[in-house]
Amino acid sequence: MSRPRRAAPLLPVPFHTGLEQEYAQARNAARARWFTPTALLGLACFDAYALVDLALAPQVLALSLALRLGVVTPVVLLGLWWRTRRLRARPAAQVDGPLVTGAAALVVVALALVQHSAPGALGGAYFAGAFIVVVFFGTMLRDDVRWSATCLTTMLAAFAWGQNLVGVDAGTTAVTALLAVAVSGAFGLITTATVERGDRARFTARRRARELAAERERLLAALAEAAVRDELTGLLNRRGLLERAPLNRPVGVLVLDVDHFKTYNDRFGHLQGDRCLALVAAALAAHARPGDSVARWGGEEFVVLLDGDAGEALPGDGALAAGERMRAAVRDLALPAGDGRVVTVSVGAATGPWDVALAAADEALYAAKAAGRDTVVRQGVPA
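Residues numbered from 1 in each chain as written. Predicted model: local features only at pLDDT ≥ 70, side-chain atom pairs only at ≥ 80, totals over all residues. Heavy atoms only, no water.

## Some remarks on the overall build of the protein
Inference 1: Assigned secondary structure in the protein consists of 13 helices and seven strands.
Inference 2: By residue count, 41% of the 383 residues in the protein fall in the buried class.
Inference 3: Intrachain contacts of the protein at a sequence separation of at least 6 include 71% that bridge at least 24 residues. (Helix = DSSP H or I, 4+ residues; strand = E, 2+ residues; numbered from the N terminus. Buried < 20%, exposed > 50% of the residue type's maximum accessible area, 1.4 Å probe, protein only. Contact = heavy atoms within 4.5 Å.)

## Concerning the side chain of Thr233
Inference 1: In this fold, Thr233 is placed in the loop between helix H8 (172–227) and helix H9 (238–244).
Inference 2: Of the polar contacts made by the side chain of Thr233, one reaches the side chain of Asp230; its length is 2.7 Å.
Inference 3: Side-chain polar atoms of Thr233 contact the backbone nitrogen of Leu235, separated by 3.2 Å.
Inference 4: If we ignore the near neighbours within four places in the chain, the residues touching Thr233 are Leu277, Ala278, Ala281 and Arg296. (Polar contact = N/O pair within 3.5 Å; in protein donor to acceptor, adjacent residues only side chain to side chain.)

## Here we look at the side chain of Asp259
Inference 1: Inspection of the secondary structure puts Asp259 in the loop between strand E1 (251–258) and helix H10 (261–268).
Inference 2: Taking the relative accessible area as the measure of exposure, Asp259 reaches 6% and is therefore buried.
Inference 3: Within the structure, the side chain of Asp259 is placed 2.6 Å from the side chain of Ser346, a separation counted as a polar contact.
Inference 4: The residues touching Asp259, leaving out its near neighbours within four places in the chain, are Thr344, Val345, Ser346, Lys369, Arg373 and Asp374.

## A look at the packing of H10 against helix H11 (residues 270–286)
Inference 1: Put simply, H10 and H11 touch, their axes get as near as 7 Å, and they point 135° apart. With respect to their mutual orientation, H10 and H11 come out oblique. Across the interface between the two elements, Phe261, Tyr264, Asn265 and Phe268 from H10 touch His270, Gln272, Gly273, Cys276 and Leu277 from H11.
Inference 2: For the contact of H10 with H11, the residue count by class is five nonpolar, four polar and no charged. (Axes fitted to C-alpha atoms, helices over the stretch in contact; angles between N-to-C directions. Parallel < 35°, antiparallel > 145°, perpendicular 65-115°, else oblique. Nonpolar A, V, L, I, M, F, W, Y, C, P; charged D, E, K, R; others polar.)

## Points about the environment of Arg86
Inference 1: Position of Arg86 among the secondary structure elements: in helix H4 (residues 61–89).
Inference 2: In this structure, Arg86 is in contact with Ala93 and Val95, ignoring residues within four places of it in sequence.

## Concerning the pairing of strand E2 (residues 293–298)
Inference 1: Here E2 lies mainly inside the structure; five of its six residues are buried.
Inference 2: Sheet analysis places E2 next to strand E3 (residues 301–306), joined by five bridges and oriented antiparallel. Residue pairing in the sheet places Arg296 in a bridge with Phe302 of E3.
Inference 3: Connecting the antiparallel pair E2 and E3 is a turn made up of two residues, with Gly299 showing a positive phi of about 60°. (Pairing = 2+ DSSP bridges.)

## Remarks on the layout of surface pockets
Inference 1: What the largest pocket holds in volume is close to 550 Å³.
Inference 2: Around the largest pocket, the lining comprises 29 residues; the ones closest to its centre are Gly42, Phe46, Val107, Phe136 and Phe137.
Inference 3: Sort the elements by how many residues they give to the lining of the largest pocket and helix H2 (residues 35–48) lands first, with eight residues.
Inference 4: Split into classes, the residues belonging to the lining of the largest pocket amount to 23 nonpolar, five polar and one charged. (1 Å grid on protein atoms, 1.4 Å probe; cavity = no way out; pocket = protein on both sides within 12 Å on 5 of 7 lines; lining within 4 Å. Points joined across faces, edges and corners; volume = space filled by probe spheres on them.)

## Quick look at the confidence of the model for the protein
Inference 1: Residues with a pLDDT of 70 or more make up 89% of the protein, whose mean pLDDT is 88.
Inference 2: Within the model, pLDDT remains below 50 along residues 309–313, and this stretch shows nine contacts once partners closer than five positions in the same chain are excluded. (pLDDT = per-residue confidence, 0-100.)

The structure is reproduced here in structure tokens:
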């Protein structure tokens, strides 16, 4: 049995604080494309409406121009300048609601003052443009139902004050005018609520899509990293080291093998053997230079690719010194190997082109084992 669908809330539900800030920033960024041009267009129309004053009541033209050009226009332009500065400092700031609400109240008050000075014969007709004002400012806040409602309430209060100032009868004319403005604004609020719910849903969907894409990239990166890492030790595996080996310059190579590891495994068991390899790997990694690459080559064998640019000269005794450092690091672990011995490694060192140096270091490793183990042998590579 399917569960009944819950009805959508009348008002859009805000996100939690952090996400609401992110949504506010995204909404401000989306408004950046149209808010200022639309506001300037509306201001130009408001100023051009002085031509209506010239046609209907020339005697109020001076007051109309003073209010439109001397008060409303500079205040709105100052508000737009403040908005730009504010959003640069705080991209998620809630500036448009207060700015639009204040501008709406200022426009209505200016219209009322002009109407108050107009001939009485005009009566309440001057408020016929109230619908245009409501629609315009509702458009400016078309995706913010709460501030749109605040703006509408402010305009209704200003219109009521203006009607009283002009002297419109408190009877049918006043009630009808305010009711018409309120109803038109209410329909606008319904549209605004729908738009905001849609915007919030799209914001959530886009954000989720970005999160999924980022998680996918993270998983792909983790898989790619896992493909070149040894599961037991966390070092590079053979493939990972081969991908890092340079082909166009000489390198230093160390090949290390844990001495008597088969005997160690037989005596202590494979679990302890794995622990031994992990500890040896950690010691090698801890004593490698920042540019060196340490890899588990297979079984109990490790290979270190020495970076000649890391500050240590590799030709000659450089690779030998690096091998000795690694050998001593493993011995210093003092891992018991039975019969009073500790775990040690034999090391072969060589320098030269990667493939040649690797083969030479491997030969040197056998020489180190033949020399008694727990020692480092460097194999020269012919030029």
